[in-house]
Amino acid sequence: MDERRQRPKRALRCRGESGVSLIEVPVVLAVLIPVVLAATLGLLTSARLAASTKVSQELNAAAASFAESLKEAAYVDCAVPGDYDGAAGLWEPPADSSITIEIRTVEYWEQSSVDYGSSCPGADQGAQRITFELADVDSETRLTVVKRDPDGYPEAP
C-alpha cells in the first residue's frame, strides 16, 4: 500500500486526460470543408442573383418609362417601326447604363377582324400595337403598348 502512495500524483492525473486523436482530425475536416464550401457558394449565388435582379428592375423601369414616352409621341397613320424612333428622343436611358431600345413591330387594328394585323388596311383605324425591346449587357425585356389616335376612329359625322 505504501507503494501506491509514493507514486507521483501527476502520473495518475495524465491517465484521465484525453487529447484529439489522429482519426478525429480528418473526420472533423471532412465534415467542415463541405459546410464551408456550401456556405461560400450560397453567398456567391446570392450576390449574383442580387445583381441580376437589379438589372432586371432597371430594364423594367426603363421599359415603363419608354412606353409612356411612346404614348406621348405624335400618332403616325400606318406607321412602321422607324416612324416612332423619335420617341427615343423623349426618353433617354440613365447615363451610367448601357440600355438599348429597338421597336420590333407595329401592328394595326382591323375593325373587320376585331384584331391586330401586320398590314395596314387602306386607312389606319385609330389604334396600333407597338412591341419594343430593351436590352442590357446580361438581360432583355420586351413590352407591348397600344397607341391610340387622339382624333379617334371612325370620324364623327
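Keep in mind that what you see is a predicted model, and the values were worked out from it rather than measured.

So, how was this worked out
- Residues numbered from 1 in each chain as written.
- Predicted model: local features only at pLDDT ≥ 70, side-chain atom pairs only at ≥ 80, totals over all residues.
- Heavy atoms only, no water.
- Helix = DSSP H or I, 4+ residues; strand = E, 2+ residues; numbered from the N terminus.
- Buried < 20%, exposed > 50% of the residue type's maximum accessible area, 1.4 Å probe, protein only.
- Contact = heavy atoms within 4.5 Å.
- Areas by Shrake-Rupley, 256 points an atom, 1.4 Å probe, with all protein chains shown as cover.
- pLDDT = per-residue confidence, 0-100.
- Pairing = 2+ DSSP bridges.
- Phe/Tyr/Trp six-rings, centres within 6.5 Å; stacked < 30°, edge-to-face > 60°.

Looking at the overall build of the protein
Link 1 in the chain: Each helix and strand in the protein was counted, giving 4 helices and 4 strands.
Link 2 in the chain: Each helix and strand of the protein, ordered N terminal to C terminal, gives the series α-α-α-α-β-β-β-β.
Link 3 in the chain: Burial analysis of the protein (157 residues in total) assigns 23% to the buried set.
Link 4 in the chain: Nonlocal contacts in the protein, meaning residues at least 24 apart in sequence, comprise 54% of its contacts between residues at least 6 apart.
Link 5 in the chain: Accessible surface for the protein amounts to roughly 11500 Å². Of this, 56% is attributable to carbon and sulfur atoms.

Quick word on the confidence of the model for the protein
Link 1 in the chain: Of all residues in the protein, 80% have pLDDT values of 70 or greater, and the mean over the chain is 78.
Link 2 in the chain: In the model of the protein, helix α2 (residues 9-16) stands out as the element of lowest mean pLDDT, 52, in contrast to strand β3 (residues 127-135), which has the highest, 87.

Re the pairing of strand β4 (residues 140-148)
Link 1 in the chain: Of the strand pairs in this sheet, β3 and β4 are connected by 9 bridges, and their pairing is antiparallel. For Leu-134, the partnering residue across the bridge sits in β4 and is Thr-141.
Link 2 in the chain: Hairpin connection of β3 to β4: 4 residues between the antiparallel strands.

Looking at the packing of aromatic side chains
Link 1 in the chain: Enumeration over the complete set of coordinates arrives at 2 aromatic pairs.
Link 2 in the chain: Residues Phe-66 and Phe-132 carry aromatic rings whose centres are separated by 4.8 Å and whose planes lie at 70° to one another, so their mutual orientation is edge-to-face. Taken as a pair, Phe-66 in helix α3 (residues 24-72) and Phe-132 in strand β3 lie far apart in primary sequence, 66 residues in all. Comparing Phe-66 with Phe-132, the two get one shared label, buried.

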